[in-house]
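Residue strings, one per chain:
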Amino acid sequence: MANWYMLTLVGRDRPGIVARVTSALFEAGCNLGETSMIRLGDNFTVMMLVRSEADESGLRAALAPVLEDLALVLHVDPASGERHPRPVPDVRILVHGADRTGIVSQVTARAADAGLNILDLESDVGGSDEEPIYILQIEGVATRGVEAIESALAPLQADGVKVDVQPIDTMIG
Amino acid sequence: MSVLDILVYPDERLRQVSAPVQAFDGALQEKIDVLEATRLAGPGAVGIAAPQTGWFERVMIVDVSGRKKTASHGHLILVNPEITEWEGWVMGREGCLSVPDYTGNVLRAEKIHLEAFDRDGNPLSFDMEGFEARAIQHELDHLDGLLFLDRLVSRRQDLFRRKNYK
């Protein structure tokens, strides 16, 4: 019987990681579900839901040559991967400012208290080496309304970060 | 009133280009009523296009008047619609009765001028913007066999219009 697994792969970025990993899984008869694959720093990170007849050791065996060639670290967990109703985000938060510690924790703690359920968060460090800037983008469900989140985050402006809270109006047609 | 089944992607019929309506007769009126009943039976759709129900003529219904703070021309039944002017671009999130459980970012013209006929064949003309203009463009795409999936822009693009704190 096929089971769902969450596979996490991390390694130094280089061309061909996605192609090699997914080809090995395809050849082993696996089926991919939702995935996230993104470069963080000079690492490449892959998280993917994989449906497989094989158990964890079988998955590891299928990927072994690729892991060795590309120096990737693999983590495998049993997971729920069945299709599910997807929450529709209704708020988007954009934060940027001079890089300093605590931006993500301050934004997300205040937003969580104001009813935010995060569906997607990405953050980047840009700018120059001398003056790095931090850019944080969040999408989620505002369970107590967008204005509650807007009010909760407004005081952070005084700490020198720029905060935009925008409703996401989804047009269903 | 009975409602029609919604065609769901990847049904190839959604790719079909619909034909202009030739006669504003009783049969057309009946079909329009069933199309509206089908829209209202769906999950919160502000618009529907005839081909989503397997009716391949250039008819669509849009009604964004139920939304707060949204410029609207009310409940619109549009036959043989045509956008004759476009202005500006704006990113927005769209979903579709024919693409359940997925939403994505799409660039649309911010303002449009629309020419169409009403259900009795009288000419209509509108200047529209924002959410209503988006709904019109989404439904008109269906008449040409296009889905919002054909126009997806990455979620990781920061092209939303900023609303800044004062």
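Predicted model, so just to flag it, every value in this text is computed and none were measured.

## Here's the deal with the overall build of chain A
Part 1 of the reasoning: Each helix and strand in chain A was counted, giving four helices and nine strands.
Part 2 of the reasoning: Reading chain A from its N end, one meets helices and strands in the order β-α-β-β-α-β-β-α-β-β-α-β-β.
Part 3 of the reasoning: Computed over its C-alpha atoms, the radius of gyration of chain A comes to 20 Å, more than 25% above the 16 Å expected for a compact globule of 173 residues.
Part 4 of the reasoning: The buried share among the 173 residues of chain A stands at 39%.
Part 5 of the reasoning: By sequence separation, contacts in chain A at least 24 residues apart represent 71% of the contacts at least 6 residues apart.
Part 6 of the reasoning: Approximately 9200 Å² of chain A is accessible, and the part contributed by carbon and sulfur atoms is 53%.
Part 7 of the reasoning: If the 13 positive side-chain charges of chain A are averaged to one point and the 26 negative ones to another, these points end up 1 Å apart.

## Some thoughts on the environment of A:His96
All names here are of chain A.
Part 1 of the reasoning: Positionally, His96 belongs in strand E5 (residues 91-98).
Part 2 of the reasoning: Residues His96 and Asn43, spaced 53 residues apart in sequence, show a C-alpha to C-alpha distance of 23 Å.
Part 3 of the reasoning: Ignoring anything within four residues of it in the chain, the contact list for His96 reads Tyr134, Ile135, Val161 and Lys162.

## Digging into the domain arrangement of chain A
Part 1 of the reasoning: Assigned domains of chain A: these are domain 1 (3-78) and domain 2 (91-167).
Part 2 of the reasoning: Between the C-alpha centres of domain 1 of chain A and domain 2 of chain A the distance comes to 31 Å.

## Regarding the interface of chain A and chain B
Part 1 of the reasoning: Across the boundary between the two partners, chain A contributes 29 residues, which contact 30 residues of chain B.
Part 2 of the reasoning: For the chain A and chain B pair, buried surface summed over both sides reaches about 2500 Å², with 47% attributable to carbon and sulfur atoms.
Part 3 of the reasoning: For the chain A face of the interface with chain B, the top three residues by lost area are A:Met171, A:Ile172 and A:Gly173, together amounting to 29%.
Part 4 of the reasoning: On the surface where chain A and chain B come into contact, there are two salt bridges.
Part 5 of the reasoning: In this structure, A:Glu139 and B:Arg93 form a salt bridge, with 2.6 Å as the shortest nitrogen-oxygen distance.
Part 6 of the reasoning: There are seven residue pairs in polar contact (both at pLDDT 80 or more) connecting chain A and chain B.
Part 7 of the reasoning: If you list the elements that add at least two residues to the side of chain A that touches chain B, you get E5, strand E6 (116-127), strand E7 (132-142), helix H4 (146-153), strand E8 (161-167) and strand E9 (170-172) of chain A.
Part 8 of the reasoning: For the side of chain A that touches chain B, the leading source of residues is E8(A), giving six residues.
Part 9 of the reasoning: The residue inventory of the side of chain A that touches chain B, partitioned by class, reads 13 nonpolar, six polar and 10 charged.
Part 10 of the reasoning: In this structure, E9(A) lies alongside strand E3 (residues 76-96) of chain B, joined through three bridges in parallel fashion. Each bridged residue has a counterpart across the sheet, and for A:Thr170 the counterpart in E3(B) is B:Arg93.

## So, helix H1 (residues 17-27) of chain A
In an α-helix there are 3.6 residues to a turn, and that puts residues three or four apart on one side.
All names here are of chain A.
Part 1 of the reasoning: Taken residue by residue, H1 has Ile17, Val21, Ala24 and Leu25 as its buried positions. Projected onto a plane normal to the axis of H1, the buried residues spread over an arc of 100° and lie on a single side. Across from the buried face of H1, at angles greater than 90 degrees, the exposed residues are Phe26 and Glu27.
Part 2 of the reasoning: Check the buried side of H1 and you find it contacts strand E1 (3-12), strand E2 (31-40), strand E3 (43-52) and helix H2 (56-70).
Part 3 of the reasoning: A positive phi of about 80° marks Gly29, the residue just after H1.

## As for the nonpolar core
Part 1 of the reasoning: Within the largest apolar cluster, 21 residues are counted, with the highest numbers of intra-cluster contacts made by B:Met60, B:Leu78, B:Ile112, B:Leu114, B:Met128, B:Ile136 and B:Leu140.
Part 2 of the reasoning: Per-element accounting of this core gives the leading share, six residues, to helix H2 (residues 130-143) of chain B.

## Some points on the confidence of the model for chain B
All names here are of chain B.
Part 1 of the reasoning: Looking at chain B, the pLDDT average stands at 93 and 93% of residues meet or exceed 70.
Part 2 of the reasoning: Counting contacts from residues 161-166, a segment whose pLDDT is below 50, to residues more than four positions away or on other chains yields 20 contacts.
Part 3 of the reasoning: If you check the scores for this complex, the pTM reads 0.89 and the ipTM reads 0.89.

## What to know about the sheet that holds E1(A)
Residues and elements named next belong to chain A.
Part 1 of the reasoning: Read from one edge of the open sheet, four strands run E2-E3-E1-E4, paired in antiparallel fashion. Both outer strands of the open sheet, E2 and strand E4 (73-78), are each paired with one neighbouring strand and no more. Each strand of the sheet is rotated relative to its neighbour by a mean of 15°, with strand direction disregarded.
Part 2 of the reasoning: Strands E1, E2 and E3 of the sheet are contacted by H1, whose axis makes an angle of about 15° with E3.
Part 3 of the reasoning: The sheet strands contacting H2 are E1, E3 and E4, and the helix crosses E4 at an angle near 160°.

## Section: the sheet that holds E8(A)
Residues and elements named next belong to chain A.
Part 1 of the reasoning: One open sheet accounts for four strands, arranged E6-E7-E5-E8; its pairing is antiparallel. Edge positions in the sheet fall to E6 and E8, since each of these pairs with one other strand and no more. When the angles between neighbouring strand axes are averaged without regard to direction, this sheet yields 15°.
Part 2 of the reasoning: As paired strands, E5 and E8 are joined by seven bridges and run antiparallel to one another. Its bridge partner being in E8, Arg92 is matched across the sheet by Gln166.
Part 3 of the reasoning: Its contacts with the sheet place helix H3 (residues 103-113) against E5, E6, E7 and E8, and it is angled at close to 20° to E7.
Part 4 of the reasoning: On the sheet, H4 packs against E5, E6, E7 and E8 and is oriented at approximately 175° with respect to E8.

Cut-offs applied
- Counting of residues starts from 1 at the beginning of each chain's written sequence and follows it residue by residue.
- The order in which chains are written sets their letters, starting at A; the order in which ligands are written sets their numbers, starting at 1.
- Residues qualify for local features only when their pLDDT is at least 70, as the model is predicted, and side-chain atom pairs are given and counted only at 80 or more; totals for whole chains, interfaces and linings, by contrast, use all residues.
- Hydrogens are left out, water is left out, and the side-chain values use all remaining heavy atoms of the structure.
- Secondary structure elements are defined from DSSP: runs of H or I of at least 4 residues count as helices, runs of E of at least 2 residues count as strands, and each element is numbered from the N terminus.
- Atoms counted for the radius of gyration: C-alpha only. Globule rule: 2.2 Å times residue count to the power 0.38.
- Here's how the labels work: a residue is buried when its accessible area is under 20% of the maximum for its type, exposed when over 50%, partly exposed in between, all with a 1.4 Å probe on protein chains only.
- Throughout, a residue-residue contact means that at least one pair of heavy atoms, one from each residue, lies within 4.5 Å.
- Working definition of accessibility: Shrake-Rupley area with a 1.4 Å probe, residue cover restricted to the visible protein chains.
- For this count, His and the chain ends are skipped, Lys and Arg are scored as positive, and Asp and Glu as negative.
- Lysine's charge is taken at NZ, arginine's at CZ, aspartate's at CG and glutamate's at CD.
- Just so you know, the domain bounds were taken from an automatic or database domain assignment.
- In this description, buried area is defined as the sum, over both parts, of the accessible area (probe of 1.4 Å) that is lost when the two are combined.
- Salt bridge, as used here, is a side-chain nitrogen of Lys or Arg placed within 4 Å of a carboxyl oxygen of Asp or Glu.
- A 3.5 Å cut-off defines polar contacts: any pair of N or O atoms within that distance qualifies, except that in protein one atom must be a possible hydrogen donor and the other a possible acceptor, and neighbouring residues in sequence count only when both atoms are side-chain atoms.
- Nonpolar residues are Ala, Val, Leu, Ile, Met, Phe, Trp, Tyr, Cys and Pro. Charged residues are Asp, Glu, Lys and Arg, and all others, Gly as well, are polar.
- Criterion used throughout: strands pair if DSSP finds at least two bridges between them.
- Within this analysis, the arc is defined by the directions that extend from the helix axis to the C-beta atoms.
- Definition of nonpolar core: a set of buried residues of the types Ala, Val, Leu, Ile, Met, Phe, Trp, Tyr and Cys, connected through side-chain atoms within 4.5 Å.
- pLDDT: the predictor's confidence for each residue, scored from 0 to 100.
- Interaxial angle, 0 to 180 degrees, is taken between N-to-C directions of lines fitted to C-alpha atoms, where a helix line uses only the stretch in contact.

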